[in-house]
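These are the residues of each chain, in order.
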Amino acid sequence: MGIVYINGEFVPTESAKISVYDRGLLYGDGVFEGIRAYNGRVFKLDEHIDRLYESAHSILIKIPMSKEEFKETLAETIRRNNLRDAYIRPIVTRGVKGLGINPWDAMSPTVIIIVDKITLYSSKMYEEGISAVCASTIRNNPNACNPQIKSLNYLNSAMAKYEAYLAGADEAIFLNPQGYVVEAAVDNIFIYTKQGELITPPTYLGALRGITRDTVIEIATAKGIPVREEPFTRHDLYNAVESFLTGTAAEVIPLVKVDGRIIGDGRPGKITKEIMMAYKELTQNSGYPVY
Ligand code: PXG
């Protein structure tokens, strides 16, 4: 049985309950993170905590603890679950109030930290690559709910994922309102071009500044692979030599088919495999120690 942190207490999963009046439920009014621990260390914890606080700041939620306290509480939740490899889901909502959208009365935010095991893509998918379709659901306009905010409203991503599911594909690719490729439902996207460059869409198009994305940019740069953040279209994706998706949960996963078009030779490419290995190594050898 798992242990969940909720508003200052560590409780068994079955007793971890929130009010039906919590604004996280009523309006998706809150923020979250998806973090992983490998081998007893939390990978890129500072980066995830910074992003959590930035998401909250942007939607005017003041997280009722310091970043240091948050990190220690998160580590303590992992210890109480006695896990070395874990998926960690911090959630902060605006709190509990009656019905009605008006948030101006002082509210005390709900803070939850769930620690669980992670369900990954199958090993076959990492070995052979996955397929995707470009979703007709477009990425949120940055002037609506900004895609940099990891808000509790993930309907945009969920709808895109449903489209992929209904089309018999593994993943969904988002285009932005102008039709440029932006990212996948909950992962960033890279292409490796015939010119020998790794390209990922700039965040201003609506892509989340993924922590795995940043890590992959660092890895590629250190390996001497030219990396650029530049807009590209579906045509560029179909004609790429290689492509892969990046995310905390997915890590680095090869993308070999999009909208029925085979990418490259239809197998995970050399650069993709190199980056997958380097990423794996980094996750095993760095991070915030829990024990
Ligand atoms: N784009 C979106 C829209 C995301 O939600 C990423 C890209 C990748 O970002 P990171 O920082 O993880 O490299 C995300 C991340 C889940 C889950 O529950 C979602 C994410 C991360 C972990 C788990 O499906 N989103």
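Every chain is numbered on its own, with residues counted from 1 as its sequence reads. In keeping with the model being predicted, local features are shown solely for residues with a pLDDT of at least 70 and side-chain atom pairs are shown and tallied solely at 80 or more, while totals for entire chains, interfaces and linings include all residues. Each side-chain value is worked out from all heavy atoms of the structure, with water and hydrogens disregarded.

### Details of the site of the ligand
Thought 1: Neighbouring residues are identified by heavy atoms, a residue being near a molecule or strand if any of them is within 4 Å of it. Within the structure, the ligand sits among 20 residues, and Arg89, Tyr154, Glu183, Thr212 and Thr248 are positioned closest to it.
Thought 2: Take Tyr87: an N or O atom from its side chain is 3.4 Å from an oxygen atom of the ligand.
Thought 3: Polar contacts, as counted here, are pairs of nitrogen or oxygen atoms within 3.5 Å of one another; within protein the pair requires one atom able to donate a hydrogen and one able to accept it, and residues that are adjacent in sequence qualify only if both atoms are side-chain atoms. In the environment of the ligand, an oxygen atom lies 2.5 Å from a nitrogen or oxygen atom belonging to the side chain of Arg89.
Thought 4: If you list the elements that add at least two residues to the shell around the ligand, you get β6 (86-93), α6 (211-222) and β14 (242-247).
Thought 5: When residues are sorted by character, Ala, Val, Leu, Ile, Met, Phe, Trp, Tyr, Cys and Pro go into the nonpolar class, Asp, Glu, Lys and Arg into the charged class, and all the rest, Gly among them, into the polar class. Tallied by class, the residues present in the shell around the ligand amount to 7 nonpolar, 7 polar and 6 charged.
Thought 6: An automatic or database domain assignment supplies the start and end points of every domain. When residues are assigned to domains, the shell around the ligand turns out to be shared by domain 1 (3-116) and domain 2 (123-284), each giving three or more. Going along the chain from the N terminus, every DSSP run of H or I of four or more residues is numbered as a helix, and every run of E of two or more is numbered as a strand.

### Considering the packing of aromatic side chains
Thought 1: Side-chain rings of Phe, Tyr and Trp, where Trp is taken by its six-membered ring, are said to pair if the distance between their centres is within 6.5 Å; with planes under 30 degrees apart they count as stacked, over 60 as edge-to-face, and otherwise as tilted. Scanning the model with the defined rule gives 8 aromatic pairs in all.
Thought 2: Aromatic side chains Phe43 and Tyr279 sit 5.6 Å apart centroid to centroid with 85° between the ring planes, which places their arrangement in the edge-to-face category. One end of the pair, Phe43, is in the loop between β5 (41-42) and α2 (45-58); the other, Tyr279, is in helix α8 (residues 270-285), and 236 residues separate them in sequence.
Thought 3: Judged by its relative accessible area of 5%, Phe43 is buried.
Thought 4: The criterion is that NZ of a Lys, or CZ of an Arg, lies within 6 Å of the ring centre and within 35 degrees of the ring normal, and then a charge sits over that ring. Sitting over the face of the ring of Phe10, Arg80 holds its NZ or CZ atom 4.0 Å from the ring centroid.
Thought 5: Over the ring of Tyr238 we find Arg261, and its NZ or CZ is 4.2 Å from the ring centre. Note on classification: 1.4 Å probe, protein chains only; a residue is buried when its accessible area is under 20% of the maximum for its type, exposed when over 50%, partly exposed between these limits.

### Here we look at the domain arrangement of the protein chain
Thought 1: Each assigned domain of the protein chain is listed with its residue range as follows: domain 1 (3-116) and domain 2 (123-284).
Thought 2: With centres defined by C-alpha atoms, the gap from domain 1 to domain 2 works out at 27 Å.
Thought 3: Buried area adds together the accessible area that both of two parts lose upon being put together, with accessible area traced by a 1.4 Å probe. Both sides of the domain 1 and domain 2 interface together cover about 1800 Å² of buried area, and 61% of this is carbon and sulfur.
Thought 4: Every case where a carboxyl oxygen of Asp or Glu lies within 4 Å of a side-chain nitrogen of Lys or Arg is listed as a salt bridge. Summed over the shared surface of domain 1 and domain 2, the result is 1 salt bridge.
Thought 5: Salt-bridge contacts for Glu251 lead to Arg36; the nearest nitrogen and oxygen are separated by 3.5 Å.

### A look at helix α3 (residues 67-80)
Thought 1: With 14 residues, α3 extends 20 Å between its outermost C-alpha atoms, agreeing within 8% with the 20 Å of an ideal straight helix rising 1.5 Å per residue.
Thought 2: Where α3 terminates, the next one or two residues include Asn82, which has phi positive at roughly 55°. Working rule for helices: expected span equals 1.5 Å times residues minus one.

### Points about the pattern of salt bridges
Thought 1: Under the defined criterion, the tally for this structure stands at 19 salt bridges.
Thought 2: A salt bridge links Glu33 to Arg51; the shortest N-O distance between them is 2.7 Å. A residue pair is termed long-range when its members are at least 10 positions apart, and Glu33 in the loop between β3 (30-32) and β4 (35-38) and Arg51 in helix α2 qualify at 18 residues. For the pair Glu33 and Arg51, one class covers both residues: buried.
Thought 3: Residues Lys223 and Glu274 are paired through a salt bridge, measuring 3.6 Å at the closest nitrogen-oxygen approach.

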